[in-house]
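For reference, the chains in residue letters:
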Amino acid sequence: MTFFIVLAFFNGAVISSSRTLNGQMSSQIGPLHASFWNHGVGFAFLTAVLCLTGQWNTLGLLAAPRSSYLGGVFGALFVAVSSFAFPRLGATHAALLVISGQMCTAMLIDWDKKGTGPTLIQCLGVILVLFGVYLTRILKPTSEGEPDEA
Amino acid sequence: MIGRSMDWILAFMGGALLALMIQYNSQMAQSTNPIMASWTAHGLGMVLSFLFVLIQMSMNIEKGINKKNFKLPLWLCLGGIPGACTVILASMIVNSGLNLSVSIALMLVGQVVFGIFSEALGLFGIRKRRIGPADFFVPLCILSGATLIIFGRSET
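About the cut-offs
Residues numbered from 1 in each chain as written. Chains lettered and ligands numbered in written order. Predicted model: local features only at pLDDT ≥ 70, side-chain atom pairs only at ≥ 80, totals over all residues. Heavy atoms only, no water. Core = buried A, V, L, I, M, F, W, Y, C linked by side-chain atoms within 4.5 Å. Buried < 20%, exposed > 50% of the residue type's maximum accessible area, 1.4 Å probe, protein only. Domains from an automatic or database assignment. Phe/Tyr/Trp six-rings, centres within 6.5 Å; stacked < 30°, edge-to-face > 60°. Helix = DSSP H or I, 4+ residues; strand = E, 2+ residues; numbered from the N terminus. Contact = heavy atoms within 4.5 Å. Buried area = accessible area lost by both parts, 1.4 Å probe. Salt bridge = Lys/Arg side-chain N within 4 Å of Asp/Glu carboxyl O. Polar contact = N/O pair within 3.5 Å; in protein donor to acceptor, adjacent residues only side chain to side chain. Nonpolar A, V, L, I, M, F, W, Y, C, P; charged D, E, K, R; others polar. Expected span 1.5 Å × (residues − 1). Bend = angle between axes of the 7 residues up to and from the residue.

## A word on the nonpolar core
Alright, step 1. Membership of the largest hydrophobic core comes to 60 residues, with the highest contact counts inside it found for Ile22(B) and Ile142(B).
Alright, step 2. Residues lining this core come from more than one domain, with at least three contributed by each of domain 1 (1-62 + 91-96) and domain 2 (98-156) of chain B.
Alright, step 3. Counting 12 residues, the second largest nonpolar core, distinct from the first, contains Leu46(A), Ala64(A), Ile35(B) and Met36(B).

## So, the packing of aromatic side chains
Alright, step 1. Evaluated as defined, the whole model comprises five aromatic pairs over all chains.
Alright, step 2. Relative to Phe4(A), the ring of Phe3(A) has its centre 5.1 Å away and its plane inclined at 75°; by these criteria the two rings are edge-to-face.
Alright, step 3. Judged by relative accessible area, Phe4(A) falls into the partly exposed class, the value being 22%.
Alright, step 4. Taken together, a centroid distance of 5.4 Å and an interplanar angle of 45° make the contact between Phe36(A) and Phe50(B) tilted. With one member in each of two chains, Phe36(A) in helix H2 (residues 31-53) and Phe50(B) in helix H2 (residues 34-58) form a pair that bridges those chains.
Alright, step 5. With relative accessibility at 40%, the residue Phe50(B) sits in the partly exposed group.
Alright, step 6. Counting every residue linked through ring pairs, the aromatic cluster contains Phe43(A), Trp56(A) and Trp39(B).

## Thoughts on the side chain of His42(B)
Alright, step 1. Structurally, His42(B) can be placed in helix H2.
Alright, step 2. With relative accessibility at 6%, the residue His42(B) sits in the buried group.
Alright, step 3. In this structure His42(B) touches Asn38(A), His39(A), Gly42(A), Phe43(A), Leu46(A), Gly80(B), Gly83(B), Ala84(B) and Val87(B), once residues within four positions along its chain are discounted.

## Observations concerning the domain arrangement of chain B
All names here are of chain B.
Alright, step 1. In terms of domains, chain B is made up of domain 1 (1-62 + 91-96) and domain 2 (98-156).
Alright, step 2. Listed by partner, the interface residues are six residues for domain 1 and five residues for domain 2.
Alright, step 3. It is Ile22, Ile93 and Val94 that lose the most area in domain 1 upon contact with domain 2, and together they represent 65% of the buried surface on that side.
Alright, step 4. Inspection of the region where domain 1 meets domain 2 yields zero salt bridges.
Alright, step 5. Joining domain 1 to domain 2, the criterion identifies one residue pair in polar contact (both at pLDDT 80 or more).
Alright, step 6. Among the secondary structure elements, those contributing two or more residues to the side of domain 1 that touches domain 2 are helix H1 (2-31) and helix H4 (80-94).
Alright, step 7. Of all the elements, H1 adds the most residues to the side of domain 1 that touches domain 2, at three residues.
Alright, step 8. Residues that form the side of domain 1 that touches domain 2 fall into these classes: four nonpolar, two polar and no charged.

## Things to note about helix H4 (residues 70-89) of chain A
Residues and elements named next belong to chain A.
Alright, step 1. Taking 1.5 Å per residue as the helical rise, H4 with its 20 residues ought to reach 28 Å, and the 27 Å between its terminal C-alpha atoms agrees with that figure.
Alright, step 2. Approximately 35° is the largest bend angle found in H4, and it occurs at serine 82.
Alright, step 3. With 14 of 20 residues buried, H4 lies mostly within the body of the structure.
Alright, step 4. One or two steps after H4, the chain reaches glycine 90, where phi turns positive at roughly 90°.

Here it is in structure tokens:
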């Protein structure tokens, strides 16, 4: 379990770099164009990795529940939604609202899967996380809101 | 006032979309493997984002496109690669037994810490910023919150 906790921290660093690169590209060609380009490059890269490693699993793909195909749809939708709302909201409000939405939805999904609701302590944990995100915006210089995938 | 509320709702829904994206990608990874799950997500995402680009072009919305200084360095074009890796890693983490909210909170800690580190060094062309003691309070706050989420679950 410790390994996956460390992996989560590491993935956070990768997400941060990816978000920065996407933001730089978005400022040049617009968020929707950048999203298409990044999805395309990612797709080409993964196709190469799958060809090299031979990890194709077509049977698994066909047997997967229909709902599991929604991941890519939601990712692209996020960029479209945020490119509309973020510039009007500003970086501080946008970040807080996105993280709030993420944490609340994640807790609801966990509740649905496990059958037990979040405890008071877990809710306090979410509030602390949101407070930390709020602090990041206060300490950073103000910048134009930009869509980014966390 | 209604327009402003709509923006708040959209941003909140954006966060919900991200959580759902991680959840369903992880589900795909369980049926196939993390690399296939990321490949599927990127393939479908590419098709949908292409549709959005077409819609944007047909509506002549060109917000944020700087046509005057169109100079895209090569390294920036590779931004899709770390993105592909994040999806692989996220599905591995969620499927490890850590639940979704814990996984997201921990990844947030990593994001914030690396973000502070990037700003201190001016990585990826972002503006350098002097980091003070207060900046370390932020990851501590988020990490404390993540710890409460991990250990605060009910024993059933």
